[in-house]
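# Breakdown of the fold
Given next are the chains, with one letter for each unit.
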Amino acid sequence: LPFPLSKVQGTHPDCSVVLRFQELEAECLQRIGSESHSPEQAGQGCPTEWDGVSCWPALPLGQSRHVACPEILSVFKKSKGLIQRNCTEWGWSPPSPPYHRACQLETLGSSNDTEAKARHFVTMKVLYTCGYATSLAALLLAIGIFCCFRKLHCTRNSIHIHFFTSFILRGTAVFIKDRVLFSDESIDHCTMSTVTCKAAIAFFQYSVLANFYWLLVEGLYLQTLLLLTFTCDRSYTWGYVLIGWGVPMVTVGVWALTRLQYDNHGCWDDYSSVYWWVIKAPILLAIFVNFLIFLNVTRMLAQKIRCPDLSRTHKQQYMRLTKSTLLLIPLFGVHYVVFALFPEHVGVDARLYFELVLGSYQGFLVALLYCFLNGEVQSEIRRNWGTWQRSMESNVFNLATQDFTA
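Residues numbered from 1 in each chain as written. Predicted model: local features only at pLDDT ≥ 70, side-chain atom pairs only at ≥ 80, totals over all residues. Heavy atoms only, no water.

An unreviewed UniProt entry annotates the protein as VIPR1 protein of Motacilla alba. Recorded under Sequence similarities (unreviewed entry), the UniProt text for the protein is reproduced unchanged: "Belongs to the G-protein coupled receptor 2 family." (UniProt positions renumbered as here; feature names shortened; annotations may be inferred.)

What follows is the structure, encoded as structure tokens:
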């Protein structure tokens, strides 16, 4: 029978092979255990055996059995070959022909392709490590700027700070996950199952969810800003906090309890489980709601700009919002719609580059657009810099005058 590879397609390809062989071994060992308690099977021919690749059912003495090559395409090039084993008085005979001949086993380890893949993943890790490090530095500096200058303390910038924090958590979670799962090459991360690695994955999922939901809050706030004509009630702030931090907390809590109760195997980093939808469904919901908000904000801005009764000052404000909205397309998660409806195993290479490498610089882009290129922030920095320069000049003049009079 063909293997149900769809059960493991959401995991890393190497882990899919390992997990599938483990499933087959478990099924075979279960059969062996049931036969060991059956008196009819005792001492009759060759018992059921697991040879590391296939399960060979019990066979009477002097007979032979054929099995097909395992249909795991990442291991075997050819899956229609047959392997034969005979039941002799000394037990099972060796597989004939051997698996690597009958199934054309892929050569692993010694091939240049394997080395190229290893270099590829190392290069990708270096790129996204640099990206997250750059983003973390820029985001921390942006938060410092918003916190240091009193005139920048407002609801809008408070939401920006929460949004920046979600990016910081996401970058930190990536570093923690890499440290826990992949720091030691001797550890098999496919079968790793510890409290530490599960906590690292849970924290990573929470940071990703929080990032998406603060992305949603930014969209909701911009829409509210337009509807209320540049005024915003502070009573909305707690609602935004509950959406941005509360919804991800509840979602990850439900997901963790579900995995503990019904699917507590491995390190919870596989996407093959049906319980992955507990995380994926809220992310998709946030993406599509944000997409609708983006379309609505664009429509509202276009209407207001065309309005003949609009004052020049308000029109300039709306024009700035229009430019910001067009620049914030990647920040609103619109680009994630490209991959949202595709299964996890489709376009893996493109997805990895997009989400890891390009996504790692998203925090830097957020800090750049919301803080460093913000006219209000720039004018406040220039004003405080001018005040500090005049203060320093005044102090130097006073010191010089005191020295001269002395």
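So, next bit.
Here the focus is the overall build of the protein. When its secondary structure is counted, the protein shows 12 helices and five strands. Buried residues in the protein amount to 39% of all 406 residues. A separation of at least 24 residues holds for 67% of the contacts in the protein among residues at least 6 apart in sequence. About 23,000 Å² of surface is accessible on the protein, with carbon and sulfur atoms providing 63% of the total. (Helix = DSSP H or I, 4+ residues; strand = E, 2+ residues; numbered from the N terminus. Buried < 20%, exposed > 50% of the residue type's maximum accessible area, 1.4 Å probe, protein only. Contact = heavy atoms within 4.5 Å. Areas by Shrake-Rupley, 256 points an atom, 1.4 Å probe, with all protein chains shown as cover.)

Further remarks concern the nonpolar core. Membership of the largest hydrophobic core comes to 63 residues, with the highest contact counts inside it found for Phe164 and Trp214. Listed by contribution, the elements that provide at least two residues to this core are helix H3 (112-148), helix H4 (155-182), helix H5 (195-227), helix H6 (236-262), helix H7 (277-306) and helix H11 (362-372). Among the elements that line this core, the one with the most residues is H5, at 19 residues. When neighbours within four sequence positions are excluded, Phe164 is seen to be in contact with Leu139, Ala142, Ile143, Phe146, Val366, Ala367 and Tyr370. (Core = buried A, V, L, I, M, F, W, Y, C linked by side-chain atoms within 4.5 Å.)

What the rule picks out here adds up to 12 aromatic pairs. A ring pair is formed by Trp56 and Trp92, whose centres lie 5.9 Å apart and whose planes are at 50°; its orientation type is tilted. Taken together, the positions of Trp56 in strand S2 (residues 55-56) and Trp92 in strand S5 (residues 91-92) put the pair 36 residues apart, joining distant regions of the chain. Exposure remark for Trp92: the relative accessible area of 13% places this residue in the buried category. (Phe/Tyr/Trp six-rings, centres within 6.5 Å; stacked < 30°, edge-to-face > 60°.)

All right, on to the sheet that holds strand S3 (residues 64-68) then. Within a sheet, neighbouring strands are paired by backbone hydrogen bonds and run either parallel or antiparallel to one another. Sheet architecture is open: three strands sit in the order S3-S4-S5, paired in antiparallel fashion. Two strands close off the open sheet at either side, each with one partner strand: S3 and S5. (Pairing = 2+ DSSP bridges.)

Turning our eyes to something else, we now look at the UniProt feature "transmembrane region" (unreviewed entry) in the protein. UniProt tags residues 126-147, 159-176, 212-230, 237-257, 277-297, 318-341 and 353-373 as "transmembrane region" (unreviewed entry). Along residues 159-176 one finds 100% helix and 0% strand; the C-alpha atoms at either end are 26 Å apart. Note that residues 277-297 is 100% helix and 0% strand, and that its end C-alpha atoms are spaced 29 Å apart.

One way to say it: the disulfide is the covalent bond shared by the sulfur atoms of two cysteines. In this structure the tally under the stated criterion is three disulfides. The side chain of Cys46 participates in a disulfide bridge whose partner is Cys87; the two sulfur atoms lie 2.1 Å from each other. Disulfide Cys46-Cys87: the torsion about the S-S bond is 100°, which places it as right-handed. One end of the pair, Cys46, is in the loop between helix H1 (13-36) and strand S1 (49-50); the other, Cys87, is in strand S4 (residues 82-88), and 41 residues separate them in sequence. Given a relative accessible area of 2%, Cys87 falls into the buried group. The disulfide partner of Cys197 is Cys267, and the gap between their sulfur atoms is 2.0 Å. Taken as a pair, Cys197 in helix H5 and Cys267 in the loop between H6 and H7 lie far apart in primary sequence, 70 residues in all. (Disulfide = S-S within 2.5 Å.)

Moving on: the pairing of S4. A one-sided burial pattern is seen for S4, the buried positions being Ile83, Arg85 and Cys87 and the unburied ones Leu82, Gln84, Asn86 and Thr88. As defined by bridge partners, S3 adjoins S4 across five bridges and the pair is classed as antiparallel. Each residue of the ladder has a partner; that of Ser64, found in S4, is Asn86. Where S4 meets S5, two bridges bridge the pair, whose relative direction is antiparallel. Looking at S5, one finds that Thr88 is bridged to Gly91. Remark: two residues form the turn of the hairpin made by S4 and S5, two consecutive strands paired antiparallel.

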